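Structure at a glance
Here is how the chains run, residue by residue.
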Amino acid sequence: MRNISQLHTIEGSFALVMAAACWGFAFVFSVEGSDTMSFWFFNATRFTLASLSLLPFAIWSFIRRHNLLARRHERAEKILQSLGQAAGTAGKEKPSGKGVRRNGGLSKTGRAHRHTASLRIPVIALSDIKKPGSFLYRILIYCICGVFLFSASTVQQLGVEISKQAAHAGFIAALYIIAVPILARIFLKKKTSVTAITGIIVAIIGFYFLSIYGKSGLAGIDFSDLIFLASATLFGAHIIIIDANIRHVDTMMLSFVQSLIVAVLSWIAAAWDGSINMQAALHGWVSIAYTGIVAVGVAYTLQIVGQMYVQPAQASILMSLESLFSAVGGVFILHETMTGPAIFGSILIFCGTVLSQIPFENIRLHRNRDTVPAIEEFKEPRGQEGSAATGTGPDDVRNGPYTAK
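The residue numbering used here restarts from 1 in each chain and proceeds along that chain's sequence as written. The predicted origin of the model limits local features to residues at a pLDDT of at least 70 and limits the giving and counting of side-chain atom pairs to 80 or more, whereas totals for whole chains, interfaces and linings rest on all residues. Working from all heavy atoms in the structure, the side-chain values ignore hydrogens and water.

**Description of the overall build of the chain**
Strands here are runs of E lasting at least two residues and helices are runs of H or I lasting at least four, both read from the DSSP assignment and numbered beginning at the N terminus. When helices and strands are counted, the chain shows 17 helices and 0 strands. Here's how the labels work: a residue is buried when its accessible area is under 20% of the maximum for its type, exposed when over 50%, partly exposed in between, all with a 1.4 Å probe on protein chains only. Per-residue burial for the chain yields a buried fraction of 42% across its 405 residues. The criterion used for residue contact is that any of the two residues' heavy atoms lie within 4.5 Å. Across the chain, the fraction of contacts at a sequence separation of at least 24, relative to all contacts at a separation of at least 6, is 86%. For the chain, the accessible surface area stands at approximately 22,700 Å², while carbon and sulfur atoms represent 66% of it. The protein chains shown are the only cover counted for residues, whose accessible areas, like all others here, come from Shrake-Rupley with a 1.4 Å probe.

Here it is in structure tokens:
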């Protein structure tokens, strides 16, 4: 059994590395797509394909969430239970001659009452929008996430269109990982660990060497680097919103709806800008197909499979390889070059993002737990063992980065 578990961990790690590769090489295809299409139109086409690629997963998630594939005998049991409850309710009523006959059977009025009770129509009130988990609340979260994803993706693609550099874009875009703890500290009042703070400082130093060193101070920063920094912040805010509401929404449906919202808003913006060009889309269909299907549909599936068998902290580190793959694609496919300070800064950014994901505190707790004698396990029944026994808790599921490329 242990060998099978280790094999699953290896398979899950490989799936996460492949997902990071899909996201990293997406920067290369974004650069190529920006050669023939505006950032509005490019996002409109690729997020349309992304929505179509996520649609089957959203439908399946909806079916499972609402238990629409229950077996026939399960559905029959539920129907019999509902009929039994309706009959029991009717039996408790006093015989008045209207709803109950003397022989114990239901009259026409009683049967009508029973059918009316079984055909209740749910009423949606506007006040439900404040209730976490309600239908209107989920719709609101889907729309907010869609707007933030639209803003982040638009700003990022604008930076790609200006800079034409995949490696540069990949490393600065990876700063969304350190933007998350900063924003969580500011808006959610969450504590930031010492390792996260250290990782943030290292990444900031790396950004200095990548974008500022050797130039005329802050005024010499390329405009595209500021755009990438803004997109990383928006992606971080997008993750914070999901993190705060992940328990109240359907994640698959969220991915589909927010991609659909980005597609619709991008089509509107492209029509307003007059940049819709189907001939250019046909010319750059490879870039659109890759960034829309592979970087979203395939990569998202790999991420789900990987996180089934890999711990959240390890999954975060593996998915941080996205920036390295963007650099590999930029150098070997687009033949990009980077200066020595830029390479050093990129290395620091990568190290900072990885360091911010390592849960040294949890590792120390695990080690302390391992020193306790085995007899301690029998001090409480196994049924009462909670997260303390496994070292995981509800928040651990949400520690990994939510990439939306």
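Having seen the structure, we can now continue with the description.
**Brief notes about the nonpolar core**
As used here, the term nonpolar core means buried Ala, Val, Leu, Ile, Met, Phe, Trp, Tyr and Cys residues forming a set that is joined through side-chain atoms within 4.5 Å. In terms of nonpolar packing, the biggest core is built from 84 residues, with M37 and L175 touching the most fellow members. If we ignore the near neighbours within four places in the chain, the residues touching L175 are A203, F207, L229, A232 and I349.

**Section: the pattern of salt bridges**
Take a side-chain nitrogen of Lys or Arg and a carboxyl oxygen of Asp or Glu: if they are within 4 Å of each other, that pair is a salt bridge. Tallying each qualifying case throughout the model produces 2 salt bridges. The partner of D35 in a salt bridge is K164, with the nearest N and O atoms 3.1 Å apart. With D35 in the loop between α1 (2–34) and α2 (39–65) and K164 in the loop between α5 (135–163) and α6 (166–173), this pair connects stretches of sequence that are 129 residues apart. Residue D35 is classed as exposed on the basis of its relative accessible area of 52%. Given the relative accessible area of 32%, K164 is considered partly exposed. For K190, the salt bridge is made with D243, and the minimal N-O distance between the two is 2.8 Å. Linking K190 in the loop between α7 (176–187) and α8 (194–212) with D243 in helix α9 (residues 223–245), this pair joins segments that are 53 residues apart in sequence.

**Thoughts on the packing of α2 against α5**
Every axis corresponds to a line fitted to the C-alpha atoms, with the helix fit spanning only the stretch in contact, and the corresponding angles, defined between N-to-C directions, vary from 0 to 180 degrees. It is at 11 Å that the axes of α2 and α5 come closest, and there the two elements cross at 150°. When you trace α2 past α5, the crossing you get is right-handed. In contact with F39, W40, F42, N43, R46, F47 and R65 of α2, α5 contributes R138, L149, F150, S153, T154, Q157, L158 and E161. Each residue is assigned to one class: nonpolar for Ala, Val, Leu, Ile, Met, Phe, Trp, Tyr, Cys and Pro, charged for Asp, Glu, Lys and Arg, and polar for all the others, Gly among them. Residues that form the contact of α2 with α5 fall into these classes: 7 nonpolar, 4 polar and 4 charged. Helix crossings get a hand from a simple test, with the near helix turned counterclockwise from the far one by less than a right angle marking a left-handed crossing and a clockwise turn marking a right-handed one.

**Details of α5**
One fewer than the residue count of a helix, multiplied by 1.5 Å, yields its expected span. Between its first and last C-alpha, α5 extends 42 Å over 29 residues, near the 42 Å set by a 1.5 Å rise per residue. Positive phi shows up at K164, right after α5, with a value of about 60°.

**Focus: the packing of aromatic side chains**
Note on aromatic pairs: the rings of Phe, Tyr and Trp (six-membered ring only in Trp) are paired at centre separations within 6.5 Å, and the planes decide the class, stacked below 30 degrees, edge-to-face beyond 60, tilted for the rest. Evaluation of the coordinates by the stated rule reveals 9 aromatic pairs. Their ring planes at 35° and their centres at 4.8 Å tell us that F39 and W40 sit as a pair that is tilted. W40 carries the same exposure label as F39, and that label is buried. Taking 5.4 Å as the distance between ring centres and 80° as the angle between the ring planes, the aromatic pair formed by Y208 and F209 counts as edge-to-face.

**Digging into the confidence of the model for the chain**
Per-residue pLDDT for the chain averages 79, and the proportion of residues at 70 or more is 73%. Taking the mean pLDDT of every element in the chain, the minimum, 31, falls on helix α17 (residues 387–390) and the maximum, 94, on helix α10 (residues 251–273). Here residues 96–121 is a poorly scored stretch, pLDDT under 50, and it has 16 contacts once near neighbours within four places are set aside; other chains count. Scored from 0 to 100, pLDDT reflects the predictor's confidence in each residue. Within the model, pLDDT remains below 50 along residues 365–404, and this stretch shows 41 contacts once partners closer than five positions in the same chain are excluded.

**A few points about the packing of α6 against α9**
For the pair α6 and α9, the least separation of the axes is 9 Å and the interaxial angle reads 40°. Here α9 runs oblique to α6, going by the angle between their axes. Remark: the crossing between α6 and α9 carries right-handed chirality. Residue-level inspection shows H168, A169, I172 and A173 of α6 in contact with α9, the latter providing D225, F228, L229 and A232. Partitioned by chemical class, the residues of the contact of α6 with α9 number 6 nonpolar, 1 polar and 1 charged. In these notes the angle categories are as follows: under 35 degrees is roughly parallel, over 145 is roughly antiparallel, 65 to 115 is roughly perpendicular, and the rest is oblique.

**So, a nonpolar patch on the surface**
A surface patch of nonpolar side chains, amounting to about 360 Å² of accessible area, comprises I162, F223, L226 and L229. Examining the composition of the nonpolar patch, we find that 3 residues originate from one element, α9, more than from any other. As for its position among the elements, F223 is in helix α9. By relative accessible area, F223 is classed as exposed at 55%. Patch membership is restricted to residues that have no salt bridge and whose relative accessible area is over 30%. Joining uses 9 Å for like charges and 5 Å for the nonpolar side chains Val, Leu, Ile, Met, Phe, Trp and Tyr.

**Thoughts on the side chain of N43**
For N43, the position within the fold is in helix α2. Here N43 is in contact with S153, T154, Q157 and S266, once residues within four sequence places are set aside.

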